[in-house]
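# Geometric and topological summary
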Amino acid sequence: MRISNIDAIALIDANNFYASCEQNINPHLRNKPVVILSNNDGCIIARSPEARALKIKMGTPYFKVKERLNKLDVAVLSSNYSLYGDMSRRLMNLLKNYCEQIEIYSIDEAFVSISRPNDENLYPWARSIRSLIYQNLGITITVGIGENKVRAKIANKLAKNIDYSAGIFDLARTENENNYLKRISIDKIWGVGKQTSNWLQSKGIKNARELRDMEENEIIKKLGIVGKRLQLELKGHRCLPIEKNKKSKKEIQVSRSFGTPITKLEDLTQALATHAIKASEKMRSQNLQSSDIRVFARTSKYSSQNYQRSAHRKLTSATDDTNKILKIVVELSEEIYNPEYKFSKAGVLMQDLTNSEYLQQSVINYKSQKDLKKSANLMRTIDLLNKRFNNNAITWAITKNPQSWKMNKNFLSLSSTTDIEQIPTIVK
Amino acid sequence: MDSFDSTTKKFKIPLLTDSVSAGFPSPADDYTEENIDLNEHLISNPFSTFFLRVKGDSMINAGIKDKDLIIVDKSLTAKPGNIIIAMIDGEFTIKRLSIKNNELYLKAENHNYPDFRFKNHVDVQIWGVVIYSIHSYL
């Protein structure tokens, strides 16, 4: 029944990625408990192994454990996405050299395909990339190997949970597969959501082995082709390919929580304008244009006011011009503003994206074509200057007033790998 | 001859990468190449290369001075004789990896600084190998 074992798929992910990035570049943090806070210094979203050992829990709001962390001498850091982004780029590029295809799945995980050697044993390969990544980046990775993505994900979980695995597990080459699949509870299987998991449990299906052996018709009746595919993958067939070039995004979102909730229209407008500038820049870097621009704002999930508003504008022709987009976003921000509510988060969404390379300009006259070219040149120049000098060398005046709503990043580490002014110092 | 179009009796202006609106085209035009990119020449493993800044004169005899820019390749395995960056007691340290009486140690290139013996410390990690130092003379 199994497909040939010539190709294997591995899920490779970094352990404690954010904390490892910080520990690699800052000697003070080496062997010390480190936690990283979410945007706006909200919750704990990453822990170094030393912090795990102190039983500090993921997702804990910072204010609740502030005292305790202090007492335990835990290093607390805001999330530093310029550092993590750079380390992720390095990680993925290094991995590329050691596999056939790679699908970057998130900032710290990738599916890769690899041919099995004659003896079919991929452990030596996995051990060598593991030590290579550790030496090059100071980051420990876990390698889960299987016949397909679903089983590679499971193998990765097993590699983390089994003490003697040393961070590597090959599910396609194990003798007692049933025992291992039994250890994976149903809600931990890749592609099984909360609802599906509840339904399966009501049917008495508790783990991956039981799902693999479940009556096929029953799955198809409830979950359709998606469920069938999942079961086939659990059995070792390959249904989901490695996606080398992920389809271009359907939308681009830039949103942030506010440091303190805002009630003034000018603050909301300024925040949305700042996000709009970022979003248009993102679009241009991917050759995309939007013809549906949306803004939204909401109150805190934890507050008694539960208010959320959004507004959007459809355009007759798609654009990536910051000037045009700003004008629309400023108007839309007035539409969603309500003085009665304290907004804690706002954002812009660029929807209905099209590739600007293949853009068909509908009915446009000579003059507007000239204007388009002019604005495109201006945008390109601004992007180049911002790339050449640091970010926001050139920006729009609206962002220049004091930004009272700015996110809290009180414990931000330096851009040690991407900014020459912030590189580490050797003291001795 | 090629640039003379007999049907329109007009000279076509040759297309150049540089804009030359009058006079003769630059004779160097056919030889234009990209600028020299130091990244390309100094860095062979860009994904494992990091930059650090020196403070102090502990490596003065090796020609590494205060404020120099240090390029470190973490993919290289340190060999005796290499200048290396180590993480020791919570700090970045720059030293020469040396060997004496079959024992590896870290040598400061300045008589005022002590050498570093591995056996006296618990928490040492050789972080990377220095491939270049860049000094500004201005």
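Structure: see above.
Residues numbered from 1 in each chain as written. Chains lettered and ligands numbered in written order. Predicted model: local features only at pLDDT ≥ 70, side-chain atom pairs only at ≥ 80, totals over all residues. Heavy atoms only, no water.

### Thoughts on the sheet that holds strand 12 (residues 343–355) of chain A
What holds strands together in a sheet is hydrogen bonding between their backbones, with the strands either parallel or antiparallel. Residues and elements named next belong to chain A. In plain terms, the rule: Pairing between two strands requires that DSSP report at least two bridges joining them. Helix and strand definitions follow DSSP, with helices as H or I runs of at least four residues and strands as E runs of at least two, each counted in order from the N terminus. For helices, the fitted line uses only the C-alpha atoms of the stretch in contact; every axis is such a line through C-alpha atoms, and the angle between N-to-C directions lies from 0 to 180 degrees. In what follows, a contact means two residues having at least one pair of non-hydrogen atoms within 4.5 Å.
As summarised here, the arrangement of the four strands in space is 9-12-10-11, forming an open sheet in which the pairing is antiparallel. If you trace the sheet from one side to the other, it starts and ends with strand 9 (252–262) and strand 11 (308–319), each paired once. Taking each pair of neighbouring strands and ignoring which way they run, the sheet shows an average axis angle of 10°. Judged from the eleven bridges that link them, strand 10 (residues 288–299) and strand 12 form a sheet pairing that is antiparallel. Looking at strand 12, one finds that Ser290 is bridged to Leu353. Strand contacts of helix 12 (residues 322–336): strand 10, strand 11 and strand 12, with the helix running at about 155° to strand 11, the strand carrying the most contacts.

### Here's the deal with the packing of helix 1 (residues 17–25) of chain A against helix 4 (residues 81–96) of chain A
Residues and elements named next belong to chain A. We count it as follows: Angle categories are assigned with fixed cut-offs, so that under 35 degrees is roughly parallel, over 145 is roughly antiparallel, 65 to 115 is roughly perpendicular, and the rest are oblique. Under the grouping applied here, Gly and all other residues not named as nonpolar or charged are polar, the nonpolar ones being Ala, Val, Leu, Ile, Met, Phe, Trp, Tyr, Cys and Pro and the charged ones Asp, Glu, Lys and Arg.
The N-to-C vectors of helix 1 and helix 4 enclose an angle of 95°; their axes lie 10 Å apart at closest approach. The orientation of helix 1 with respect to helix 4, classified from their angle, is roughly perpendicular. The residues of helix 4 that touch helix 1, namely those facing Phe17, Tyr18, Cys21, Glu22, Asn24 and Ile25, are Tyr81, Leu83, Tyr84, Met87, Ser88 and Leu91. Looking at side-chain class alone, the contact of helix 1 with helix 4 contains nine nonpolar, two polar and one charged residues.

### Details of the packing of aromatic side chains
Where we set the bar: Pairs were defined over the aromatic rings of Phe, Tyr and Trp, the Trp ring being its six-membered one, requiring ring centres within 6.5 Å. Orientation was assigned from the angle between planes: stacked under 30 degrees, edge-to-face over 60, tilted for the rest. Residue exposure (1.4 Å probe, protein chains only): buried if accessible area is under 20% of the type maximum, exposed if over 50%, otherwise partly exposed.
Considering all chains together, one arrives at 14 aromatic pairs over all chains under this definition. With a centroid separation of 5.6 Å and an interplanar angle of 85°, the aromatic rings of A:Tyr81 and A:Tyr84 are classed as edge-to-face. With A:Tyr81 and A:Tyr84 both in helix 4 and three residues apart, the pair spans about one turn of that helix. On the basis of relative accessible area, A:Tyr84 is assigned to the buried category, the value being 0%. With a centroid separation of 5.9 Å and 90° between ring planes, the pair formed by B:Phe116 and B:Phe118 is classed as edge-to-face. The exposure class assigned to B:Phe116 is buried, which follows from its relative accessible area of 10%. Owing to a relative accessible area of 25%, B:Phe118 belongs among the partly exposed residues under this scheme.

### As for the interface of chain A and chain B
Quick note on the threshold: Buried area counts how much accessible surface, traced with a 1.4 Å probe, disappears from two parts once they are put together, with both parts' losses summed. We define a salt bridge as a contact between a side-chain nitrogen of Lys or Arg and a carboxyl oxygen of Asp or Glu at a distance within 4 Å. Here a polar contact means two N or O atoms within 3.5 Å. Within protein one must be a hydrogen donor candidate and the other an acceptor candidate, and residues neighboring in sequence count only if both atoms are side-chain atoms.
Taken together, the contact pairs 26 residues of chain A with 29 residues of chain B. In total, about 2,500 Å² of surface goes out of reach between chain A and chain B, with carbon and sulfur atoms giving 57% of it. Its largest share of buried area at the contact with chain B, chain A owes to A:Arg30, A:Ile426 and A:Lys428, together 29% of the area lost on that side. The interface formed by chain A and chain B contains zero salt bridges. Connecting chain A to chain B are 13 residue pairs in polar contact (both at pLDDT 80 or more).

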